[in-house]
Amino acid sequence: MTKALRLNRSLLRARPATAAAPTLGAMVATVLVVEDDPTVSSVLSAYLRKAGFDAIVASDGPSALQQWSHRRPDVVILDIMLPGMSGLDVLQRRRADDDDAAVVILSARGEEQDRLLGLDLGADDYMVKPFSPREAVGRVQALLRRGERLGAQLLLPGRLTSGDLTIDLRARVAHLGEQKVALTHREFDLLAFLVGHAGEAVTKEQLMRRVWGWDFGDTSTVTVHVRRLREKIETDPSDPRLVVTVRGAGYRFDGEVSADG
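Everything numeric in this text was worked out from a predicted model, so none of it was measured. (Residues numbered from 1 in each chain as written. Predicted model: local features only at pLDDT ≥ 70, side-chain atom pairs only at ≥ 80, totals over all residues. Heavy atoms only, no water.)

Draft legend 1. Inspection of the pattern of salt bridges at higher detail. Scanning the model with the defined rule gives 20 salt bridges in all. For Glu-35, the salt bridge is made with Lys-129, and the minimal N-O distance between the two is 3.0 Å. Highlighted residues: Glu-35 in the loop between strand 1 (30-34) and helix 3 (38-50) and Lys-129 in the loop between strand 5 (125-128) and helix 7 (133-151), separated in sequence by 94 residues. You can call Lys-129 partly exposed: its relative accessible area is 25%. The partner of Arg-228 in a salt bridge is Glu-187, with the nearest N and O atoms 3.8 Å apart. (Salt bridge = Lys/Arg side-chain N within 4 Å of Asp/Glu carboxyl O. Helix = DSSP H or I, 4+ residues; strand = E, 2+ residues; numbered from the N terminus. Buried < 20%, exposed > 50% of the residue type's maximum accessible area, 1.4 Å probe, protein only.)

Draft legend 2. The confidence of the model for the protein, seen in detail. Summing up the model confidence of the protein, the mean pLDDT is 82 and the portion of residues at 70 or higher is 82%. Confidence, expressed as mean pLDDT per element, reaches its minimum in the protein at helix 2 (residues 9-13) with 30 and its maximum at strand 10 (residues 243-246) with 96. Counting interchain partners and residues more than four positions distant, the pLDDT-below-50 stretch residues 1-26 has 44 contacts. In this model residues 149-155 is a low-confidence stretch, pLDDT under 50, and it forms 8 contacts with partners more than four residues away in sequence or in other chains. (pLDDT = per-residue confidence, 0-100. Contact = heavy atoms within 4.5 Å.)

Draft legend 3. Local environment of the packing of helix 8 (residues 185-196) against helix 9 (residues 204-212). Packing of helix 8 against helix 9 brings their axes to within 10 Å, and their N-to-C directions diverge by 115°. Here helix 8 is positioned roughly perpendicular relative to helix 9, judged by the angle of their axes. Our pair here, helix 8 against helix 9, has a crossing hand that is right-handed. Contacts from Arg-186, Asp-189, Leu-190, Phe-193 and Leu-194 of helix 8 reach helix 9 at Leu-207, Arg-210, Val-211 and Trp-212. Across the contact of helix 8 with helix 9, the residue classes tally to 6 nonpolar, no polar and 3 charged. (Axes fitted to C-alpha atoms, helices over the stretch in contact; angles between N-to-C directions. Parallel < 35°, antiparallel > 145°, perpendicular 65-115°, else oblique. Left-handed = near helix turned anticlockwise from the far one by under 90°. Nonpolar A, V, L, I, M, F, W, Y, C, P; charged D, E, K, R; others polar.)

Draft legend 4. The arrangement of helix 5 (residues 87-96) in detail. Along helix 5, the residues that are buried comprise Gly-87, Leu-88, Val-90, Leu-91, Arg-94 and Arg-95. All buried residues of helix 5 lie within an arc of 155° about the axis, which places them on one face of the element. Contacts made by the buried residues of helix 5 are with helix 4 (61-71), strand 3 (75-79), strand 4 (102-107) and helix 6 (112-120). Positioned one or two residues after helix 5, Asp-98 has a phi angle of 65°, which is positive. (Arc of directions from axis to C-beta.)

Draft legend 5. Local environment of the sheet that holds strand 9 (residues 179-180). Strand order in the open sheet formed by 5 strands is 9-8-7-6-12, and the pairing between neighbours is antiparallel. Two strands close off the open sheet at either side, each with one partner strand: strand 9 and strand 12 (258-260). Taken together, the 2 bridges between strand 8 (residues 173-176) and strand 9 define a ladder with antiparallel strand orientation. Bridge assignment links His-175 to a residue of strand 9, and that residue is Lys-180. (Pairing = 2+ DSSP bridges.)

Next comes the structure, spelled out in structure tokens:
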């Protein structure tokens, strides 16, 4: 998150949930639109600016990488097929630098494998072309509202522990024994939610609402993130013992959990 967003968290939390996130006071969230079609990028950036965002545009991979690194946007709307460097390569490089911007992948209908790879690389959501600019604005607002809600966890325990797994909610760090678990921000949020609700079966739709902050979306996003999470915390990801599948219901964290401040 940019400094402006961090400084205005308390104000944002006081707003009604249905209010547009970026229009309060001096807070302006930055959205980077990476799209090589000038018509699409022009329309989308216009809708974002009308909603109160600072929208910037990049039309190819190298300029996207430069803008992303220099401007440090809060949200990136990222096309996969770009001149010079693919959107997935851009995403991979930024995540390798520990950039935590929320990312929405844009893809054509025939690029399902690329969409899933984008989620694996740390994207938060995807939209399939053609899409509505209003939907894009709604996704951006939902991502920012979710980020602000998850930042307001002062009433939660500081740490959750289950066997060798320790989750520091305030530092947003997880360890298995002495080893730090390399989690994306979304994976951390998912793990923290599941561990914080240990023993409860939660559906993919519930996870979409509670972790992603969306009332709509493709639940395969949840499936991919659960698979990635299992690869990082389970002894045998093909036979999970912590994040288990509840047939017909969703997922459940099965470890014994203790909490402390």
